[in-house]
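Reading the structure
Here's the letter readout for the chains.
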Amino acid sequence: MTAPAGQSAAAGERGAAGAAAAAPPAAAVRGVRKVFGKTVAVDGIDLEVPSGAVLGMLGPNGSGKTTLIRMLLGLTRPTEGSAELLGHPVPDATEQALPHVGALVEGPGFHPFLSGRENLRRVAATEPLLASAQIGDAVGTALERVGLSDAADRRFRGYSLGMKQRLGLAAALLVPRKLVVLDEPTNGLDPAGTRDVRRIVAELHAGGATVLVSSHLLAEVEATCTHVAVLQTGTLVAAGELSVLLEAGTGGLVVSTPDVDLALEALRGVGATAFAEGDGVVVADGGPPTPEVVALLVRAGVAVYEARRRRARLEELFARLTGEET
Amino acid sequence: MTASLVETGTTPHRGSAPMGRLLGAEMRWVLRRPRTLVMLGLFALVPILIAIGVVVADRGGNGLIGAIAGNGLVLPVVAMTLMLALLLPLAVGMAAADAIAGEAAHGTLRGLLLAPVGRGRLVVMKAFGVLVVTVVATLVVAVVGVVAGLVVVGGADGTLVTLSGTTLGFGEAMGRVGIAALWTVGQLAAVGAIALAISAFTEHPLVVLASVLGGLIVFGVLGAIPALDWLAPYLLTTGFSAGADVLRDPMSWGDIGGSTLRALCYIAIGGGITTSRMLTRDA
C-alpha cells in the first residue's frame, strides 16, 4: 500500500539530487578538526552539502554535530582544515554568505524581558537583506509560519520550551534563504510542532533552498531528508543520499501472500532464491526482475496482496553504523 | 514584498544592515531593559534626597554639600561629583556587562554575529549602547539636580554663587552645569570602555561588574598611598574630583582638561582591546 508512494518519493529524491550534483555545494568542510583543550570534538571531517539537498546530520550526543555546524557558520575557528559557505571561505569571508543563511544553533537565544514579536523585530533590524519598511511584515509572516501569532505579544520569559524553539525557527526564516541550518529543531516540540518543522523543511526544499538539519530523531530525518551524514566521536562514519544508504546492504522483494508454499514452489521452479518471512516471501536480488516475479506468481495462482522493495529503516542503519543497540 | 525581497537579494555587497538601524535597535533595547529604567529612577532620587537633607539640616556645613545651602544650582554639580565616585560607574558597568557578556549568556550574541552584524560594527553598536546609558544617567542626575535645587533648596534667585564668592546668572550657571555633565560623561565613558573590554572576554556579566567595582576601589586605595604618588597621573580616579572646578570663578580648566585627556586614553585602550577581542571571539 505504502510501497508505490515510497518508491516514487525515492525516485524523486534521486532526480533532485542528480540535478543538483552539477551545482557547487551549498556548504562544505575539508579536513576540519577542532580541539578544545585535550578533547577532540571534531576529528578530520570532509563533508559537502549539495545545493538543494536536505541533509540530516545524525549522531549520538557529543559526536561533534554542533561543533561542525559552528565551524561551518564561522562561530568558532577550526583547529585545522577549511570550510566554505555558499562558495565563500569561512571564516575570512563568512559575512558575505551569512545574509543568505538562516540558522538556529544551540537553542534559541532571546531576551526574556521582550515579547516574541519585539525579539524578532530586534533580530530583523540586523538582517542585511531586509529593508526597514519590510520589517513589520517579515516579522508577522515569520511568526505566522511557525504558529506563534497568538503568543507573539507575550514576554519571551513566559514561553514554553516549544514556543521558544518556534521563535528560534521564526528568526531563521525571517528572510528568504539559500541555506537554512537547524540544530536540533524539534527539541522540546510537541507532535504538532514536529509536524510543523517537517512542513517547513519540505517548503524550504520545494522552494530550492538547501537545508542542513541536525537531529537525534531518526524518524524525522527519514521523513524529511534527501541526504544523511552520520557522525560518531568526531568522525564521519557515513554520508550520502538517504535512499542509496538505506538500500545498500539489504535488499530483496517482499511479497505479501497467504499462499507461501505455492509461491516458494513457483519461484524455485525458475531458479530464484526465495524464503518465507512474516506474512509472505522474500525474493533475493539477482533473480528475474520484479514485474516477471509478480507475473509468475499470479500465473501460478498465488494471491499477491503487496509487493515492495525492502529497505532498511534508518534506525537500523544508524545502529549498524554507530555500533549502538537498537 | 516578494518582488522587493528578490531585488535586494540580488544586490551584491549588501553585507550588513544600515548602521542607523542597528544603532536605533540597540538604543531601544538598552532603554527598554527594566533594570536600566529602575536604575535611572533610583538615580533621580539621589539629588532629591541630597536637597531634602540640606534643607532639613538647615545649617551651612563645610565642603561641597555645605555649599548647596541656599544656593540650589550648586546641587546638580555636587550630585554628579558624588555619584561619579561609585553609583554612575556602577550603571555604566552594568550596561557594558549586558552589552557583550550578557548577550553571550543569553545566546543572542550568536544571533548578532550570524545576521550578520559585522564584528567591527558590533563593537560600534555596543559602545553606542553603553554611551546612551551613560548620557541618559548623567542627564537624569543633572536635570533632576537643577529642578530639585531650584524647587527644594531655592535661594539666590536662580543665580549661582560660586566657590570663589562671585555670582553667576542663570544662563551661565546652566552652562557650568552643562560643562560638568559633559565632563562626567567623558569620565564615565572611560569606565565604560574598560568595562566593555572586560565584557568582550567573558560570558558572565557579574565578572564585568565585579571588575569595575574592584577596579575603582583598588584605584582609590592606590591613589591614597603617598609612596605611590608617581602612579597618580595614570589612575582614572585621580581626576574624579575635578568636576567641582566648574563652581569656581573664573573656571579653572587645568584639572578638567587633564582628567578628560586621561579619560580619552582609557577610551582608546578599552576600545582597542574590545575590537581586537571581538574580531576573533567565538560565540
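Residues numbered from 1 in each chain as written. Chains lettered and ligands numbered in written order. Predicted model: local features only at pLDDT ≥ 70, side-chain atom pairs only at ≥ 80, totals over all residues. Heavy atoms only, no water.

**Some points on the pattern of salt bridges**
Residues and elements named next belong to chain A. Definition in use: Salt bridges are defined as contacts in which a side-chain nitrogen from Lys or Arg sits within 4 Å of a carboxyl oxygen from Asp or Glu. Comment: elements are numbered from the N terminus, with helices defined as DSSP H or I runs of at least four residues and strands as E runs of at least two. Type-normalised accessible area, obtained with a 1.4 Å probe on protein chains alone, sets the label of each residue: buried when under 20%, exposed when over 50%, and partly exposed for intermediate values.
Summed over all chains, the structure comprises 25 salt bridges over all chains. A salt bridge links Arg-198 to Glu-220; the nearest nitrogen and oxygen atoms lie 3.0 Å apart. With Arg-198 in helix 7 (residues 191-206) and Glu-220 in helix 8 (residues 218-224), this pair connects stretches of sequence that are 22 residues apart. A relative accessible area of 9% places Glu-220 in the buried class. When the shortest N-O distance is used, the salt bridge between Glu-203 and Arg-199 registers 3.1 Å.

**Some thoughts on the side chain of Ser-63 of chain A**
Residue and element names in this part refer to chain A. Quick note on the threshold: Contact between two residues is taken to exist if any of their heavy atoms lie within 4.5 Å; hydrogens are not considered.
Assignment of secondary structure puts Ser-63 in the loop between strand 3 (54-58) and helix 2 (65-72). The class for Ser-63 is buried, based on a relative accessible area of 2%. Residue contacts for Ser-63: discarding those within four places in its chain leaves Ala-41, Leu-231, Gln-232, Thr-233 and Gly-234.

**What to know about the packing of helix 9 (residues 170-199) of chain B against helix 11 (residues 254-278) of chain B**
Residue and element names in this part refer to chain B. Inclusion rule: For helices, the axis comes from a line fit to the C-alpha atoms of the stretch in contact; other axes are also lines fit to C-alpha atoms, and the angle between any two N-to-C directions lies between 0 and 180 degrees. The cut-offs work like this: below 35 degrees is roughly parallel, past 145 is roughly antiparallel, 65 to 115 is roughly perpendicular, and the gaps in between are oblique. When the near helix sits turned anticlockwise from the far one by under a right angle, the crossing is termed left-handed; a clockwise turn instead gives a right-handed crossing. Residue classes follow a fixed rule: Ala, Val, Leu, Ile, Met, Phe, Trp, Tyr, Cys and Pro count as nonpolar, while Asp, Glu, Lys and Arg count as charged, and any other residue, Gly among them, counts as polar.
It is the contact of helix 9 with helix 11, at a shortest axis distance of 8 Å, that shows an interaxial angle of 25°. Relative to helix 11, helix 9 is oriented roughly parallel. Helix-helix and strand crossings are classified by hand; for helix 9 and helix 11 the assignment is left-handed. When helix 9 is examined against helix 11, the residues Trp-183, Gly-186, Gln-187, Ala-189, Ala-190, Ala-193, Ile-194, Leu-196 and Ala-197 are found in contact with a partner set consisting of Ile-256, Ser-259, Thr-260, Ala-263, Tyr-266, Ile-267, Gly-270, Gly-271, Ile-273 and Thr-274. Across the contact of helix 9 with helix 11, the residue classes break down as twelve nonpolar, seven polar and no charged.

**A short note on the domain arrangement of chain A**
What counts is decided by this rule: Each domain's limits were defined by an automated method or a database of domain assignments.
When cut into domains, chain A gives domain 1 (27-247) and domain 2 (252-310). Relative placement of domain 1 of chain A and domain 2 of chain A: their C-alpha centres are 45 Å apart.

**Some remarks on the UniProt feature "transmembrane region" (unreviewed entry) in chain B**
Residues and elements named next belong to chain B. The condition that has to hold: UniProt positions are given in the numbering used here, feature names are shortened, and annotations may be inferred rather than shown by experiment.
In the numbering used here, UniProt assigns the feature "transmembrane region" (unreviewed entry) to residues 37-57, 63-88, 128-153, 173-199 and 206-228. Measuring from the first to the last C-alpha atom of residues 37-57 gives 31 Å, for a span that is 100% helix and 0% strand. With 83% helix and 0% strand, residues 206-228 has end C-alpha atoms that lie 30 Å from one another.

**Notes on the sheet that holds strand 14 (residues 306-309) of chain A**
All names here are of chain A. Operational definition: Each pair of strands is called paired provided DSSP finds at least two bridges between the two strands.
Strands sit in the order 12-13-11-14 across an open sheet of four strands; the sheet is antiparallel. On the outer flanks of this sheet lie strand 12 (274-277) and strand 14, each paired with one strand and no other. On average, adjacent strands in this sheet sit at an angle of 25° to one another, irrespective of strand direction. Of the strand pairs in this sheet, strand 11 (residues 253-256) and strand 14 are connected by four bridges, and their pairing is antiparallel. Looking at strand 14, one finds that Val-254 is bridged to Arg-308. Sheet strands touched by helix 10 (residues 260-269): strand 12 and strand 13 (280-283). Its angle to strand 12, the strand with the most contacts, is close to 165°. In the packing of helix 11 (residues 290-299) onto the sheet, contacts are made with strand 11, strand 13 and strand 14, and the angle to strand 11 comes to roughly 25°.

**Quick notes on the sheet that holds strand 6 (residues 101-104) of chain A**
Adjacent strands of a sheet pair through backbone hydrogen bonds, lying either parallel or antiparallel. All names here are of chain A. Pairing is mixed across the open sheet formed by six strands, whose spatial order is 6-7-8-3-9-10. The open sheet terminates on both sides in strands that have one partner only, identified here as strand 6 and strand 10 (235-241). With direction set aside, neighbouring strand axes in the sheet form an average angle of 10°. When strand 6 meets strand 7 (residues 179-183), the two strands line up parallel, connected through four bridges. Across the sheet, the residue bridging to Val-101 is Leu-179, located in strand 7.

**A short note on the nonpolar core**
Heads up, the condition is: Only buried residues count toward a nonpolar core. Its members are Ala, Val, Leu, Ile, Met, Phe, Trp, Tyr and Cys residues joined through side-chain atoms within 4.5 Å.
Ranked by internal contacts, the top residues of the largest apolar core, which has 108 residues, are Leu-68, Leu-73 and Leu-85 of chain A. The element best represented in this core is helix 8 (residues 119-153) of chain B, accounting for 13 residues. In this structure Leu-68 of chain A touches Val-29, Val-32, Val-42, Ile-45, Leu-47, Met-57 and Leu-231 of chain A, once residues within four positions along its chain are discounted. In this structure, Leu-104, Leu-182, Val-213 and Phe-318 of chain A belong to the second largest nonpolar core, which totals 49 residues.

**A few points about helix 2 (residues 19-32) of chain B**
Defined as follows: To estimate how far a helix should reach, multiply one less than its number of residues by 1.5 Å. It is the directions from the helix axis to the C-beta atoms whose arc is reported.
With 14 residues, helix 2 of chain B ought to run about 20 Å at 1.5 Å a step, and its terminal C-alpha atoms sit 20 Å apart, in line with that. For helix 2 of chain B, the complete set of buried residues consists of Arg-21, Leu-22, Ala-25, Glu-26, Trp-29 and Val-30 of chain B. The arc that holds the buried residues of helix 2 of chain B, viewed along the axis, is 165°, so those residues lie on one side. Opposite the buried face of helix 2 of chain B, at more than 90 degrees from it, the exposed residues are Gly-20 and Arg-28 of chain B. Where the residues of helix 2 of chain B are buried, they touch helix 4 (116-125) and helix 5 (135-145) of chain A together with helix 3 (34-57), helix 6 (87-106) and helix 8 of chain B.

**Regarding the side chain of Arg-70 of chain A**
The line we're drawing: Between N or O atoms, a polar contact is any pair within 3.5 Å; within protein, one atom must be a potential hydrogen donor and the other a potential acceptor, and residues adjacent in sequence are included only when both atoms are from side chains.
Here Arg-70 of chain A shows up in helix 2. Arg-70 of chain A sits in the buried class, given a relative accessible area of 12%. Here the side chain of Arg-70 of chain A touches Ala-283 of chain B through a polar contact of 2.5 Å, landing on its backbone oxygen. Setting aside residues no more than four positions away along its own chain, Arg-70 of chain A makes contact with Leu-75, Thr-76, Val-105 and Glu-106 of chain A together with Asp-282 and Ala-283 of chain B.

**Overview of the environment of Ser-256 of chain A**
With respect to the helices and strands, Ser-256 of chain A occurs in strand 11. Judged by relative accessible area, which is 18%, Ser-256 of chain A ranks as buried.

**Focus: the interface of chain A and chain B**
To keep it simple, the criterion reads: Buried area: the sum, over both parts, of the accessible surface (1.4 Å probe) that disappears when the two are put together.
Every contact between the two is made by 37 residues of chain A and, on the other side, 37 residues of chain B. For the chain A and chain B pair, buried surface summed over both sides reaches about 3,100 Å², with 56% attributable to carbon and sulfur atoms. Of all residues in chain A, the largest losses of buried area upon contact with chain B belong to Leu-75, Phe-113 and Arg-122 of chain A, amounting jointly to 21% of the total for that side. If you look at where chain A meets chain B, you find four salt bridges. The closest approach of N and O atoms between Arg-122 of chain A and Glu-103 of chain B, which form a salt bridge, is 2.8 Å. At the junction of chain A with chain B, the criterion picks out 16 residue pairs in polar contact (both at pLDDT 80 or more). Among the elements of the structure, helix 4 and helix 5 of chain A are those that each provide at least two residues to the side of chain A that touches chain B.

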